Amino acid sequence: MDRVSAFDEPLKKLLGGATAKVMAEHLDLHTVGDLLHHYPRRYEERGRLTALADLPLDEHVTVVAQVADARVLMFNNGRGKRLEVTLTDGHGRLQLVFFGHGVHKPHKELLPGRRAMFAGKVSVFNRKMQLAHPTYQLLDAESIDGAEATEAVDAFAGRLLPIYPACKQLDSWRIAKAVDTVLPSAREAVDPLPPALREGRGLAPLPEALLKAHRPQTKADIAEARDRLKWDEAFVLQVALARRRYADTQLPAVARRPTPGGLLDAFDAKLPFTLTEGQQKVSREIFDDLATEHPMHRLLQGEVGSGKTMVALRAMLGVVDAGGQAAMLAPTEVLAQQHHRSITEMMGELAEGGMLGGSEQGTKVVLLTGSMGVAARRQALLDLVTGEAGIVIGTHALIEDKVQFHDLGLVVVDEQHRFGVEQRDALRSKGKQPPHLLVMTATPIPRTVAMTVFGDLETSVLDQLPAGRSPIASHVVPAKDKPHFLARAWERVREEVENGHQAYVVCPRIGDDAEDEAAGKKTKKKAPEDDGDKRPPLAVLEIAEQLAKGPLAGLRIEVLHGRMNPDDKDDVMRRFAAGDVDVLVATTVIEVGVNVPNATAMVIMDADRFGVSQLHQLRGRVGRGSAPGLCLLVSEAHEASPARARLSAVAATLDGFELSRIDLEQRREGDVLGQAQSGVRSSLRMLTVIDDEEVIAAAREEAVAVVAADPELGQLPELRIALDALLDKEREQYLDKG
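Being a predicted model, the structure only gives us computed values, none of them experimental.

A. View of the nonpolar core. Met-316, Met-347, Ile-391 and Leu-410 are the most contacted members of the largest nonpolar core, which has 39 residues in total. The element contributing the most residues to this core is helix H13 (residues 308-321), with 9 residues. Leaving out residues up to four positions away in the same chain, Met-316 has contacts with Ala-326, Met-328, Ile-343, Ile-391, Leu-410 and Val-412. Judged by nonpolar contacts, the second largest core, of 33 residues, contains Leu-29, Val-179, Leu-183 and Leu-210.

Shown next as structure tokens:
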């Protein structure tokens, strides 16, 4: 086999169709290389038992344990049989249960004193942790017949048993067997690290690292393998990003310097407050970038309410001053309308360029969304192509072919992780030369994620809140265990309204529709550990009706969701903002950008069905004025479940960066910023973005040096091969469009 193709060999050839099919469908493993990079999650020591007390609820686990006792119980008047086996690790206990015809074999094999590996999903029954119908592999030779015994014991003869990320259809030990089959190919691994780098940092050669990761003899083997494999992932990814940044510096762009005494100065002169230190610093970074002749690529991250819109607006005004146009892309119509409203209010007569009563220095600010009437749309398109409108705010409608600009100088993307890179790119291609790009997010991103997911962007952080923002108290409301807590939650909402304030109630689903059922399923996917799975997520329409008839009767309640006609949505938001609505029952359409300072309370129903950063975003809608905010997270999740742990974490801190760390720790890196970004992330297996900040930062430095010296990597063919493998077509596109 030549050096590349050993890793490209399809698993079907070596493992047989059935196993290969399960690996492809459930673990996304297709080739020998994929399987060799499917590293053990942890290692059990052969003589030691797994700590049973620490098992996570609702997760698929593999444990090594000893049988304490086993008994067959009859039920249904003797018609049904159940085998209950108790496992022990010397401290904790775990119950196994087998039913029906599945009782016979384990009853014969799982005798007291025997050791085995068991795999299954941890659940709670009668307040005891249990595995129902687990698969198992006996670990002591005398407990199995003949040839099979020798094979099983040989497979686990090492002191360290590799425990692989597995699935219901394929246990860890069957994956270990498959790895044994392909392990000889590890010797043909192409080493992507330049020899000088590898030797300089004392890293093991790649074939040796793969062998030690899968079949370590000692704990030192594991550490050595991990150090090396982390470097591979970090370095290859950082080289890809460094090449991307290098290519960007080669692109031409028009330098945009604001005209003194122009629109920006006029705007600054009428601001009723001074910018925070952070806003001033970030503005300087942006204006420095805009003054260069290659395109700015900057990520602006700031907490909810840290004043990002103000910073972006000043950048847009500066570009208009310099003769260009600026476009702001928002993920939803509600948000686009909100931005348009708040920007025209902030600008006053400066947003009425060319109109009666408009300012001399002013420009036109237009809105462009998919649901606009034909006449309004035609006028907006005309204003853009003639250059009459200096600023346009819109949704995906901005990306359509029909939309043409006179001279697009700056693209601002709000809530970046809602957009695929294709959309960001389509808008950028509307400039005569590549426009400058400013990406904004209110989802705080740990530095390491910024260096990986957004590694092609320079980063600015706004971490001060403007004066006048109030603290938000957050509490978990366990609706199932303590229904009186939920009743108290509604009383609190009523109290806020009686004090002249307003409230949000957020639900995961709209209700009453098949399309909505699908949306409900999507929401559920987010948190597979829910134990509320038995019923569909709560819905806006149903909850609004229940509240109006029950605990909030007499209050002015309205609904807001994505299926409403845009004019109706806008009408509801306007009335809520004006104080004509007491309680707004909504889906996550209010998650970003909705600004009603008088809204002080938020109740999130089925809160365990939302991600950590989403809850943080939602909570940021209250406490925007001078009165303190209150956020109640209602959940039926079991007290010991990961879902409840997530909610407690959100309730415990208002620091978005801290929460983003927790969020990262609790889920696979691939989900960090939604599917649109996950192409590259899913390639990280050994590297954890939480713990390996130093490796990532060092790899970034090395990568920048390598690319500066040899942008085409002509001297490093092995690195090129690894890059091609990492960046299969989808990922290459992802980076190209970054």
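B. Up close: the packing of helix H12 (residues 277-290) against H13. Contact geometry for H12 and H13: axes closest at 10 Å, N-to-C directions at 30 degrees. The angle between H12 and H13 places the two elements in the roughly parallel class. Of the two elements, H12 crosses H13, and the hand of that crossing is right-handed. On the side of H12, the interface is formed by Gln-279, Val-282, Ser-283, Ile-286, Phe-287 and Leu-290, while H13 contributes Met-310, Val-311, Arg-314, Ala-315, Gly-318 and Val-319.

C. Layout of the pairing of strand S18 (residues 557-560). Pairing geometry for S18 and strand S19 (residues 583-586), over 4 bridges, is parallel. Looking at the pairing, Val-559 lines up with Val-585 of S19. Traced from S18 through helix H21 (residues 566-577) to S19, the parallel crossover comes out right-handed.

D. Looking closely at helix H15 (residues 374-386). The end-to-end C-alpha separation of H15 is 18 Å, in line with the 18 Å expected for 13 residues at 1.5 Å each. Within the span of H15, buried status applies to Arg-377, Ala-380, Leu-381, Asp-383 and Leu-384. Projected down its long axis, H15 shows its buried positions confined to an angular sector of 160 degrees, all on one face. Exposed residues pointing more than 90 degrees away from the buried face of H15 are listed as Val-374, Ala-375 and Arg-378. On its buried side, H15 packs onto strand S10 (325-329), strand S11 (364-368) and strand S12 (389-394). Of the residues trailing H15, Gly-387 is marked for its positive phi of about 90 degrees.

E. A look at the pairing of S10. Along S10, 5 of the 5 residues are buried, which leaves the element largely enclosed by surrounding structure. One ladder, built from 4 bridges, connects S10 with S12; its direction is parallel. Bridge pairing links Ala-327 to Val-392 in S12.

F. Quick peek at the packing of aromatic side chains. Evaluated as defined, the whole model comprises 4 aromatic pairs. Taking 6.4 Å as the distance between ring centres and 85 degrees as the angle between the ring planes, the aromatic pair formed by Phe-98 and Tyr-136 counts as edge-to-face. Taken together, the residues span a long stretch of sequence, with Phe-98 in strand S4 (residues 93-99) and Tyr-136 in strand S7 (residues 135-138) at a distance of 38 residues. Across the pair, exposure class does not vary: Phe-98 and Tyr-136 are buried alike. These aromatic residues form a ring-pair network of at least three members: Phe-98, Phe-118 and Tyr-136.

G. Representation of the sheet that holds S11. Pairing is parallel in the open sheet, where 7 strands are placed in the order S11-S12-S10-S13-S14-S9-S15. The open sheet has two edge strands, S11 and strand S15 (458-462), and neither has a second partner. Strand-to-strand twist across the sheet, computed as the mean angle between neighbouring axes with direction ignored, equals 20 degrees. Sheet topology places S11 next to S12; 5 bridges connect them, and they run parallel. Counterpart to Leu-367 in the pairing with S12 is Ile-393. Relative to strand S13 (residues 408-414), H13 is tilted by about 170 degrees, and along the sheet it contacts strand S9 (297-302), S10, S12, S13, strand S14 (436-441) and S15. The sheet strands contacting H15 are S10, S11 and S12, and the helix crosses S11 at an angle near 130 degrees.

H. The pattern of salt bridges, seen in detail. All told, the structure shown has 35 salt bridges when counted by the stated rule. Residue Arg-82 pairs with Glu-84 through a salt bridge whose shortest N-O separation is 3.0 Å. Of the charged contacts in the structure, one is a salt bridge between Lys-281 and Glu-285, with a shortest N-O distance of 3.5 Å. With Lys-281 and Glu-285 both in helix H12, this residue pair falls 4 residues apart, about one helical turn. In this structure Glu-285 comes out as partly exposed when scored by relative accessible area, which is 22%. Linked through salt bridges whose partners overlap, the residues forming this network are Arg-488, Glu-491, Arg-492, Glu-495 and Glu-496.

Criteria and thresholds
- Residues numbered from 1 in each chain as written.
- Predicted model: local features only at pLDDT ≥ 70, side-chain atom pairs only at ≥ 80, totals over all residues.
- Heavy atoms only, no water.
- Core = buried A, V, L, I, M, F, W, Y, C linked by side-chain atoms within 4.5 Å.
- Buried < 20%, exposed > 50% of the residue type's maximum accessible area, 1.4 Å probe, protein only.
- Helix = DSSP H or I, 4+ residues; strand = E, 2+ residues; numbered from the N terminus.
- Contact = heavy atoms within 4.5 Å.
- Axes fitted to C-alpha atoms, helices over the stretch in contact; angles between N-to-C directions.
- Parallel < 35°, antiparallel > 145°, perpendicular 65-115°, else oblique.
- Left-handed = near helix turned anticlockwise from the far one by under 90°.
- Pairing = 2+ DSSP bridges.
- Right-handed = clockwise from strand over helix to strand, strands pointing away.
- Expected span 1.5 Å × (residues − 1).
- Arc of directions from axis to C-beta.
- Phe/Tyr/Trp six-rings, centres within 6.5 Å; stacked < 30°, edge-to-face > 60°.
- Salt bridge = Lys/Arg side-chain N within 4 Å of Asp/Glu carboxyl O.

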